[in-house]
Amino acid sequence: MEENKKQSYELVATLQHVFGADRANVHLVHAPLRICPLGAHIDHQLGLVTGMTLDTPILLAYVPNQEGQVRVHSLNFAPPVAFNIDDVPPKGGPLWANYVRGAVVSLQQRFTLHYGIDGVIFGEMPIGGLSSSAAVGVAYLLALEDVNELVVTPTENIEFDRYIENEYIGLNNGILDQSVILLSDRRHLTYLDCESVNVSRIPSPLDEDDFDIVVAFSGLTRSLVNTDYNQRVSQCQTAAGMLLEWAGQPVPPSPVLRMVAPEIFGDYEDRLPEPLGKRARHFFTEMARVRLGVTSWETGELAAFGQLMAESGHSSIVNYECGSPHLISLYEILNDCPGVYGARFSGAGFRGCCIGLSDPAHREVIVETIERDYPARHPEMQDQFSVYFCKPDGSAQRVPLLE
Ligand code: GLA
């Protein structure tokens, strides 16, 4: 909280300095980053996923721009962005600018916008795996809705942010990230059915002092559009289409694995050519792990939940085949480390970080172990990696400016 207060103060000072904004008109959005302990790589197949947000948010301070200009300054990226809401540039450089451009275009699918924003945005954590992209997208949506006095529900914002990522940016991802960011609360595990978009918040006897969320950054960062993310999505769809066809069921134009009953997969698993068999195996085993995980969470069994996370990470490596050598090292180091209940890659898993649930009493040994073992395996990352211990947070929202 103290840290967020300091950062908000810096954002507001920059907003005043760069745009001459009046402090009395400044509003702030707090959009948390997210993790997905179980349910990896299955949201785009309309599977079941779990999530939590972290107490290390993206912060956006803004004032309305009456001329319809959108002018955003980032404390993480250069150069600043400026455009008019009536003339939004197509996707292009600088990459970070696409999220605010996409947010304007997304809202314009349904609303006429009259006002832009002057804003300053900042995120403290290194980029990769924690869905800073959905967090910034949601932050821009909330700010633009505020200055244009639009009333939009979190469920509608899930769809607006999906538009930014799928239609404007061109990443065929699911709705895990923005749903967790928009619908989580700090005392529960968020459990989302991506088919019905039904969200449950799973209670637990666990208290946030009982565990840390450990985040170990590999030092590798790059955009998902240039990874194999979309290729994996289309492999899952091809597998779904084949399974439906072999079972004599109708095959829609964009089949997904959720349309396939587990028994059908059981009957035809051996007939699927590789790597399609592995992709489908990941989907069906991950669905089972999510269901088991929800029960472990409800009964407060951290060790059992962590074990499922480690198994989920293993399936990401062998079935979904998305780990880079650096992330696989971190996965192995964390899962072997005393005090870690379980860990897996975060996000798409081609870069970024590994996340785990850990015992707060073991922070020191966890840091020591990573500092000893990770650079020993990847000396070029000696000065690039970092380790954080976070706590769960709530959902993205506009917050009052703290004095
Ligand atoms: C990225 C995507 C999400 C999801 C995860 C993997 O974060 O943006 O939609 O597919 O990877 O679970």
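Keep in mind the model is a prediction, meaning the values are calculated, not measured.

What counts, and where the lines are drawn
Residues numbered from 1 in each chain as written. Predicted model: local features only at pLDDT ≥ 70, side-chain atom pairs only at ≥ 80, totals over all residues. Heavy atoms only, no water. Near = heavy atom within 4 Å. Polar contact = N/O pair within 3.5 Å; in protein donor to acceptor, adjacent residues only side chain to side chain. Areas by Shrake-Rupley, 256 points an atom, 1.4 Å probe, with all protein chains shown as cover. Nonpolar A, V, L, I, M, F, W, Y, C, P; charged D, E, K, R; others polar. Domains from an automatic or database assignment. Helix = DSSP H or I, 4+ residues; strand = E, 2+ residues; numbered from the N terminus. Expected span 1.5 Å × (residues − 1). Buried < 20%, exposed > 50% of the residue type's maximum accessible area, 1.4 Å probe, protein only. Contact = heavy atoms within 4.5 Å. Phe/Tyr/Trp six-rings, centres within 6.5 Å; stacked < 30°, edge-to-face > 60°. Pairing = 2+ DSSP bridges. Axes fitted to C-alpha atoms, helices over the stretch in contact; angles between N-to-C directions. Parallel < 35°, antiparallel > 145°, perpendicular 65-115°, else oblique. Left-handed = near helix turned anticlockwise from the far one by under 90°. Core = buried A, V, L, I, M, F, W, Y, C linked by side-chain atoms within 4.5 Å.

This brings us to the site of the ligand. Taken together, Arg34, Ala40, His41, Asp43, Asn173, Gly174, Leu176, Asp177, Tyr229, Gly347 and Ala348 make up the full set of residues near the ligand. A distance of 2.9 Å is found between an oxygen atom of the ligand and a side-chain nitrogen or oxygen belonging to Arg34. One of the backbone N or O atoms of Ala348 is found 3.2 Å from an oxygen atom in the ligand. For the ligand, whose unbound accessible area comes to 310 Å², protein coverage reaches 96%. For the shell around the ligand, the residue count by class is 4 nonpolar, 4 polar and 3 charged. Residues lining the shell around the ligand come from more than one domain, with at least three contributed by each of domain 1 (2-204) and domain 2 (208-393).

Attention now moves to helix H3 (residues 132-147). Because each turn of an α-helix spans 3.6 residues, side chains separated by three or four positions end up pointing in the same direction. Along its 16 residues, H3 runs 23 Å from first to last C-alpha, staying within 8% of the 22 Å computed at 1.5 Å per residue. Of all 16 residues making up H3, 15 are buried, and the element is well covered by its neighbours. Glu149 sits one or two positions beyond H3 and adopts a positive phi of about 55 degrees.

The next point concerns the environment of Leu60. Relative to the elements of secondary structure, Leu60 occurs in strand E4 (residues 58-65). In this structure the C-alpha to C-alpha distance between Leu60 and Leu142, which are 82 residues apart in sequence, comes to 9.8 Å. Other than its neighbours up to four places away in sequence, Leu60 contacts Leu11, His27, Leu28, Val29, Gly119, Val120, Ile121, Ala139, Tyr140 and Ala143.

This part takes up the packing of aromatic side chains. A complete count under the given rule lists 10 aromatic pairs for this structure. Relative to Tyr268, the ring of Trp246 lies with its centre 6.0 Å away and its plane at 45 degrees, an arrangement referred to as tilted. Separated by 22 residues along the polypeptide, Trp246 in helix H6 (residues 229-246) and Tyr268 in helix H7 (residues 262-268) bring together distant segments of the chain. On the basis of relative accessibility, which here comes to 21%, the residue Trp246 falls in the partly exposed class. Among the aromatic residues, ring-to-ring pairing joins Phe211, Trp297 and Phe305 into one connected group.

Below, the discussion takes up unusual backbone geometry. Cis rather than trans, the peptide bond between Ala78 and Pro79 has omega equal to -10 degrees. In this structure, Pro79 sits in the loop between strand E5 (69-74) and strand E6 (81-84). Phi is positive for Leu46, which is not a glycine, with a value near 60 degrees. Inspection of the secondary structure puts Leu46 in the loop between strand E2 (34-35) and strand E3 (48-54). Exposure remark for Leu46: the relative accessible area of 28% places this residue in the partly exposed category.

A word on the side chain of Lys391. Take Lys391: it is sitting in the loop between strand E13 (386-390) and strand E14 (392-393). Taking the relative accessible area as the measure of exposure, Lys391 reaches 16% and is therefore buried. Within the local environment of Lys391, its side chain forms a polar contact with the backbone oxygen of Phe211, the two atoms lying 2.7 Å apart. With residues near it in sequence (within four places) discarded, Lys391 still touches Thr53, Leu54, Asp55, Glu208, Asp209, Phe211, Asp212, Ile213, Pro360 and Arg363.

With that settled, consider the pairing of strand E11 (residues 340-345). Taking burial as the measure, the 6 residues of E11 include 5 buried ones, the bulk of the element. Bridge count between E11 and strand E12 (residues 353-358): 5 bridges; the pairing is antiparallel. Note on E12: the bridge partner recorded for Phe345 is Cys354.

With that out of the way, let us pick up the sheet that holds E13. A sheet is described by the order of its strands in space; here 4 strands give the open sequence E11-E12-E10-E13, paired in antiparallel fashion. This sheet does not close on itself; its edge strands, each paired only once, are E11 and E13. If you compare each strand with its neighbour and ignore which way they point, the axes differ by 20 degrees on average. Relative to E11, helix H10 (residues 325-336) is tilted by about 170 degrees, and along the sheet it contacts strand E10 (212-217), E11 and E12. Along the sheet, helix H11 (residues 363-377) makes contact with E10, E11, E12 and E13, crossing E13 at roughly 160 degrees.

This paragraph deals with the packing of helix H2 (residues 98-108) against H3. It is at 9 Å that the axes of H2 and H3 come closest, and there the two elements cross at 50 degrees. Taken as axis vectors, H2 and H3 run oblique relative to one another. As H2 runs across H3, the sense of the crossing is right-handed. Contact residues: H2 offers Tyr99, Val100, Ala103, Val104 and Leu107, while H3 offers Ser133, Val136, Gly137, Tyr140, Leu141, Leu144 and Glu145. Of the residues belonging to the contact of H2 with H3, the class tally is 9 nonpolar, 2 polar and 1 charged.

Within the largest apolar cluster, 120 residues are counted, with the highest numbers of intra-cluster contacts made by Leu130, Tyr140, Val215 and Trp297. Here this core spans two domains, since at least three of its residues come from each of domain 1 (2-204) and domain 2 (208-393). Counting residues in each nonpolar core, the second largest holds 13 residues, with Val12, Val26, Leu59 and Val63 among its members.

Read across the open sheet, the 6 strands follow the order E6-E5-E7-E4-E1-E15; overall the sheet is mixed. Two strands close off the open sheet at either side, each with one partner strand: E6 and strand E15 (397-399). Between one strand and the next, the sheet's axes are offset by a mean angle of 25 degrees, whatever the strand orientation. Here H2 sits on the sheet in contact with E5 and E6, set at roughly 20 degrees to E6. Its contacts with the sheet place H3 against strand E1 (27-31), E4, E5, strand E7 (116-123) and E15, and it is angled at close to 25 degrees to E4.

We now examine helix H9 (residues 302-318). With 17 residues, H9 extends 24 Å from end C-alpha to end C-alpha; this agrees with the ideal 24 Å at 1.5 Å per step. For H9, the set of buried residues is Leu302, Phe305, Gly306, Leu308, Met309, Ala310, Ser312, Gly313, Ser315 and Ser316. Looking at the buried positions of H9, the neighbouring elements they touch are strand E8 (189-193), helix H8 (276-298), H10, E11 and E12.

Bear in mind that shape data such as this cannot, by itself, settle questions of function.
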